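Coordinates in review
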Amino acid sequence: MLMEGKKGVVFGVANKWSIAWAISKALHREGAQIILAYLGDEEKIKELADEINAKIYPCDVSKDEDITKLFEFVGKEFGKIDFIVHSIAFAPKEALQGRYIDTSREAFRIALDISAYSLVKIVKEAENYLNDNSAIVTMTYLGSVRAVPNYNVMGVAKAALESSVRYIAYDLGQRGIRCNAISAGPIKTLAARGISGFMSMYEEYPKRAALRRNVTAEEVGETALFLLSHMSSGITGEVIYVDAGYEMMGM
Ligand code: 0WD
């Protein structure tokens with residue numbers, strides 16, 4: 001099994017539709033031991049966690065003390081870890097519609113804080129718990145490099161996130177620690193439904209993508225597994241598109 005003996009933390013499982021859940025299932029299937037860092041309904045997360053023998057711990061990534069406490073728990077439970085999955089994003093709903101230039105200072109701050117800075121802070125707090133040659137994966141979207149109507153400030157946050165991936169890869173590369181992002185095509189999840197016009201985006205992809213379909217959360221899960229395993233030991237600081245061949249098309 002690819003992840004036999006490996007331990008790690010997954011951020012961003014909200015429910016069974018979450019991309020982080022598909023990633024967690026793939027990791028578990030390959031033998032990984034997981035702590036789910038969650039925000040929200042403990043009972044719902046506990047039910048999912050039991051399916052993959054995972055432990056759970058609450059963590060609001062907008063709070064430094066929550067991240068510190070989480071890694072104290074991780075240290076107690078696991079000692080050292082081998083992987084981190086960051087699958088978190090948030091922006092106030094009003095910022096995910098209409099014109100980008102109408103974004104308020106506060107919405108900009110919140111979106112960048114929760115969707116991009118959280119990765120930086122998580123990695124910093126995790127530094128002393130990460131084994132050499134461990135791996136980090138985060139989730140991004142094409143709106144970082146293209147103007148996607150309604151995605152707005154989230155696209156700007158994803159640009160900051162993707163750039164952070166490169167700087168983190170450089171900072172931790174000396175220890176063999178890798179950091180990569182997966183840029184997924186649209187998948188029906190709770191977060192996605194918060195984006196105005198998401199369904200028209202979802203319907204547009206099969207018309208233009210080379211594979212003539214949308215990508216599934218399970219496919220993203222398999223790519224995350226690859227990026228967190230020794231199979232990808234030569235890859236770091238990259239953004240890997242898992243979008244059924246949408247991004248690379250000219251028209
Ligand atoms: O089409 C999609 N679904 C795509 C999603 C395409 C490409 C990328 N992504 C990205 C998202 O931007 C995000 O970074 O994938 C990541 C995961 O998103 P998801 O699986 O689509 O959405 P969801 O199941 O809602 O998980 C995101 C979770 C939150 O869920 P809710 O619905 O409660 O906002 O991020 C977590 C939370 O569990 N989250 C937080 N966790 C800790 N602290 C916080 C926070 N402050 N805010 C949100």
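Located above this text is the structure these notes cover.
Figured I'd write up the structure that's included with this text.

What counts, and where the lines are drawn
- Residues numbered from 1 in each chain as written.
- Predicted model: local features only at pLDDT ≥ 70, side-chain atom pairs only at ≥ 80, totals over all residues.
- Heavy atoms only, no water.
- Salt bridge = Lys/Arg side-chain N within 4 Å of Asp/Glu carboxyl O.
- Buried < 20%, exposed > 50% of the residue type's maximum accessible area, 1.4 Å probe, protein only.
- Helix = DSSP H or I, 4+ residues; strand = E, 2+ residues; numbered from the N terminus.
- Expected span 1.5 Å × (residues − 1).
- Contact = heavy atoms within 4.5 Å.
- Axes fitted to C-alpha atoms, helices over the stretch in contact; angles between N-to-C directions.
- Parallel < 35°, antiparallel > 145°, perpendicular 65-115°, else oblique.
- Left-handed = near helix turned anticlockwise from the far one by under 90°.
- Nonpolar A, V, L, I, M, F, W, Y, C, P; charged D, E, K, R; others polar.

**Notes on the pattern of salt bridges**
Per the stated rule, a full pass over the model turns up 15 salt bridges. For the salt bridge of D60 with K63, the shortest nitrogen-to-oxygen distance reads 3.8 Å. The exposure class of K63 is partly exposed, given its relative accessible area of 38%. The shortest N-O distance in the salt bridge between R146 and E247 comes to 3.8 Å. Note that R146 is positioned in the loop between β5 (130-140) and α5 (152-173) and E247 in the segment after β7 (239-242), a separation of 101 residues in sequence.

**Quick look at helix α3 (residues 64-78)**
Here α3 is 15 residues long and its end C-alpha atoms lie 21 Å apart, about the 21 Å a rise of 1.5 Å per residue gives. Those residues of α3 hidden inside the fold are in contact with β1 (7-11), β2 (33-38), β3 (55-58), β4 (81-86) and α4 (105-126). Once α3 ends, the next one or two residues include G79, with phi positive near 75°.

**A few points about the environment of S196**
You can see S196 is positioned in the loop between α6 (190-193) and α7 (198-208). A relative accessible area of 29% means that S196 is categorised as partly exposed. As a C-alpha pair, S196 and E47 span 149 residues in sequence and 30 Å in three-dimensional space. The contact partners of S196, leaving out residues within four places of it in the chain, are L96, Q97 and N150.

**Considerations on the packing of helix α1 (residues 19-29) against helix α8 (residues 217-228)**
Orientation of α1 relative to α8, taken along the N-to-C sense of each, is 55°, at an axis distance of 8 Å. The angle between the axes of α1 and α8 places the two elements in the oblique class. For the crossing formed where α1 meets α8, the hand is right-handed. Along the contact surface, α1 presents I19, A22, I23, K25, A26, L27 and R29, while α8 presents A217, E218, V220, G221, E222, A224, L225 and L228. Along the lines of polarity and charge, the residues of the contact of α1 with α8 split into 10 nonpolar, 1 polar and 4 charged.

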